[in-house]
Structure formats: structure tokens, C-alpha cells
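Now for the letters of each chain:
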Amino acid sequence: MTIHLPAPDGSLRAYEPRTEPLAVTPGTPFTSRTVFSAAHVVADPFADTNPDAPAAVDWDATLAFRRHLWAHGLGVAEAMDTAQRGMGLDWAGAAELIRRSAAEARAVGGRIACGVGTDQITGGTLAEIRAAYEEQLALVEESGAQAVLMASRALAATATGPEDYLDVYGHLLRQAAEPVVLHWLGPMFDPALAGYWGSADLDAATETFLEVIAAHPDKVDGIKVSLLDAQREVDLRRRLPQGVRCYTGDDFNYPELIAGDEQGFSHALLGIFDPLGPLAAEAVRLLDTGDTAAFRGLLDPTVELSRHLFQTPTRFYKTGVVFLAWLAGHQTHFTMVGGLQSARSLPHFARAYELADGLGLFPDPKLAEDRMKTLLALYGVAR
């Protein structure tokens, strides 16, 4: 069972794969936290396409993976991560994904929230940006999914100050049919979002963000914070109006933020809960019983893997996520929309395999080992 994995210095080291997966089974719905996984899409490996062409999606495999997450009690955050919006799927592809996933959610009783952005345009006036948001909001609401108002590259490029954010978001919240989730995505995930909410000073940006919420608390279900700054999230969480939730998007510090403290806790909307789905669900069910120590005991060891997958440049994290989905048997190939399977190095993949295997994430460790050896051979590593 020995496999030889490449190190960053070019050497090979022996690794003994785990022989049994972590034992987890689907269970009852969560009672203490609302948890979403930002699920990846599965590319069609047989499509004759290229990175500049519209993405070709394997819809059967994509929806099967969502059923896997729903079966373990997780919600699906659809069409909102950086591998789907702006780095893979165009708006037409994202719209189709929303329609299909929302219909599947209704069929199986799964929870779903979908991203609302402005990626059908690259810039424009504030009125044009509002119209782009409105088009996407209408589609998500028609699908029956909860809306997540995502940060907009076009708005970041056009806005001249906080007042423009207050205007655009106020307009959208007033017309939203149901409470939405507001998403604050930091520039580590998307450099084009630097200075969002009208300032590069995060303290000033926070005040504008809170002003938007305070003006429309009945239209804000919660906020999703992806700044990779645990203390800032805690401070922001404590200032939210009563009834407005905080969904952590911090893939570096999620166990402590979800566990919370005497003044509150975060719910979750996380990219890392794509590969961690069953394990994360098991941990949250322990938290439901009040056993915070057991929750931390199960989830804390996953942080090293998460920090590895989300290392700089963070926006390429989904490459590792899809790689692990292939090793775990959720798809038959390691191909990504936009050709993003090339965005990480072989030593990065080797370490991701080792960490995931150590956690018992692969339902069939032998399959994962064989597929890892296939990748190594493709890169020129002798078996």
C-alpha cells in the first residue's frame, strides 16, 4: 500500500495510505446551526471546448454530488463560489445551474441558496449594475431558492464611495421578496473586490456594511463573511441586529467560529464543506447535543487540510476541492471548467491527498490511492 509522493524540493517520500475510511452515516437534520456547502460543478470531460468557450457541465454528476450533500443534512450554496462565477461559468451557465439545482432541491427536499451577482456585465453605470442584479435576483426567486447577494466586480469598479453601495443594496433589499444573505467576499478570494463597501479600510467598510443591514433588517436573513479574519468576524457578528445571522465563510478558522462563545456563534457557508461534507455533518450533529468538545475534536483536525487547499492564491482553492472529489469517487475524472485543474502544482495535490487520506475522507481508500498513482504517472513519477 506504499505510495511515493513528491515533496516541494523535488524528492519523493514514502506514504502509507489509510486502509479504512472514517465511519460516518447520514443522520437527522441539524438543530443548532444552518450549514451550507459551496458545491463544485463537474465538467464534461468529453466536450470539445477550451477555457475561452462557455463551460461544458456534466449535469448528471453535478446534481448527484448535490444529492450527496443533501443526504448528509447540508444545504447547498449554489452558483456563488469563485470557481463558478467569474472563473469558470458565465451567467448563462450559472443560470442553468441555478434552475437545475433548485428543481433537484425541491424534488429531494434539500435546502438551497443561490448567488445573485452582476457577471452578465463587466462594468457600467449604477443603474445598469442594479438592472443586472435585478435580473439574477428574479431568476433565483422564481426558482424558489434563497438569494445570496454577492459582491459585484462591476460595482467595485464603478462605485465612487459608500453612498453608491448604500444606494444599490438599498434598492435591491427593498424589492427582494424574501430575506436574503449579504455576501462580503475579500480580495484574497477575488482581487477585483478590493475596497468593497467603499473603502480599503476594513473598519470603514464594516460601518457601511452594517449601515446597509440596519436600514433593512427585515430583508436580511444573514451575512456571509469571507475575510479570513476570525476576530473581525466575531466583532461584526456581535453588532448584527437581532435575528440577523452570521454565516462564516472563513475556511481558516471555521471550527471556533461555528462553536462560538458566550455571546454567540456563526452558522456556516463554506467551500471546505464540499470535501468535508459527511465529516462536517457528523461534527455539527455532535454540536446539536451540546458536546462542543466532541465537535471541536472532530473538526479541528480538518483545518490543516482546509488551509492547504485555500493557500495563496486563495481563489484557486476549488482545484484541490475537485481533485479530492475525483479521488473520493464522486466523479470519474479530474477535469474542471475553465481548465482550472492546472491551477495547482503536483506537490500541492500530493499534500492534499495525504491530509485527506489521514482524515479518512475517501470512502474507498484503494480507489483514491490508484487514482493518485495515475496522476503521479501522468506527471512523470515512476510507479
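In case you missed it, the structure is sitting above this.
Source: prediction; values computed, not measured.

Analysis parameters
Throughout, residues of each chain are indexed from 1 in the direction in which the sequence is written. Totals for whole chains, interfaces and linings use all residues, but because this is a predicted model, local features are given only for residues with pLDDT of at least 70 and pairs of side-chain atoms are given and counted only at 80 or more. Each side-chain value is derived from all of the structure's non-hydrogen atoms; neither hydrogens nor water enter the calculation. What counts as an axis is a line fitted to C-alpha atoms, over the stretch in contact for a helix, and the angles between N-to-C directions run from 0 to 180 degrees. To qualify as a helix, a DSSP run of H or I must reach at least 4 residues; to qualify as a strand, a run of E must reach at least 2; elements of each kind are numbered from the N terminus. Should an angle fall under 35 degrees it is taken as roughly parallel, and over 145 as roughly antiparallel, whereas 65 to 115 is taken as roughly perpendicular and any remaining angle as oblique. In what follows, residue pairs with any heavy atoms lying within 4.5 Å of each other are defined as contacts. Only Asp, Glu, Lys and Arg are considered charged in this grouping, and only Ala, Val, Leu, Ile, Met, Phe, Trp, Tyr, Cys and Pro are considered nonpolar; every other residue, Gly among them, is considered polar. Crossing chirality is assigned from the near helix's rotation relative to the far helix, an anticlockwise turn below a right angle marking it left-handed and a clockwise turn marking it right-handed. Two strands qualify as a pair provided DSSP detects at least 2 bridges between them. In this analysis a 1.4 Å probe is tested at points of a 1 Å grid over the protein atoms alone, and where it fits but cannot get out there is a cavity; an open set with protein on both sides within 12 Å along at least five of seven lines is a pocket; lining residues have an atom within 4 Å of a point. Grid points are joined across faces, edges and corners, and a volume is the space filled by probe spheres set on the points.

It is worth spelling out the packing of helix H12 (residues 317-327) against helix H14 (residues 365-378) at this point. The interhelical angle for the contact between H12 and H14, taken along N-to-C directions, is 125 degrees, at an axis separation of 8 Å. In terms of orientation, H12 and H14 fall into the oblique class. Residues Phe 323, Trp 326 and Leu 327 of H12 form the contact with H14, whose participating residues are Leu 367, Ala 368, Arg 371, Met 372 and Leu 375. Its residues placed into classes, the contact of H12 with H14 shows seven nonpolar, no polar and one charged.

A few words now on the packing of helix H9 (residues 277-288) against helix H10 (residues 292-299). Here H9 crosses H10 at 165 degrees, and the two axes come no closer than 7 Å. Classified by the angle between their axes, H9 and H10 sit roughly antiparallel to one another. Between H9 and H10 lies a crossing whose hand is left-handed. Residues Leu 279, Ala 280, Glu 282, Ala 283, Val 284, Leu 286 and Leu 287 of H9 form the contact with H10, whose own contacting residues are Thr 292, Ala 294, Phe 295, Leu 298 and Leu 299. Taken together, the residues of the contact of H9 with H10 sort by class into ten nonpolar, one polar and one charged.

Pairing in this closed barrel of eight strands is parallel, and the strands run S3-S4-S5-S6-S7-S8-S9-S10 around the ring. Pairwise comparison of adjacent strand axes, ignoring direction, gives a mean angle of 25 degrees for this sheet. Strand direction decides the pairing type here: strand S6 (residues 146-149) and strand S7 (residues 180-185), joined by two bridges, are parallel. Looking at S7, one finds that Val 148 is bridged to Val 181.

Let us now look at the layout of surface pockets. By volume, the second largest pocket amounts to about 310 Å³. Residue lining of the second largest pocket: 19 residues in total, with His 68, Pro 278, His 330, Leu 361 and Pro 363 positioned closest to the centre. Elements with a minimum of two residues in the lining of the second largest pocket: helix H1 (59-71), H9 and H12. Here the element with the most residues in the lining of the second largest pocket is H12; it accounts for three residues. Split by residue class, the lining of the second largest pocket holds 14 nonpolar, four polar and one charged.

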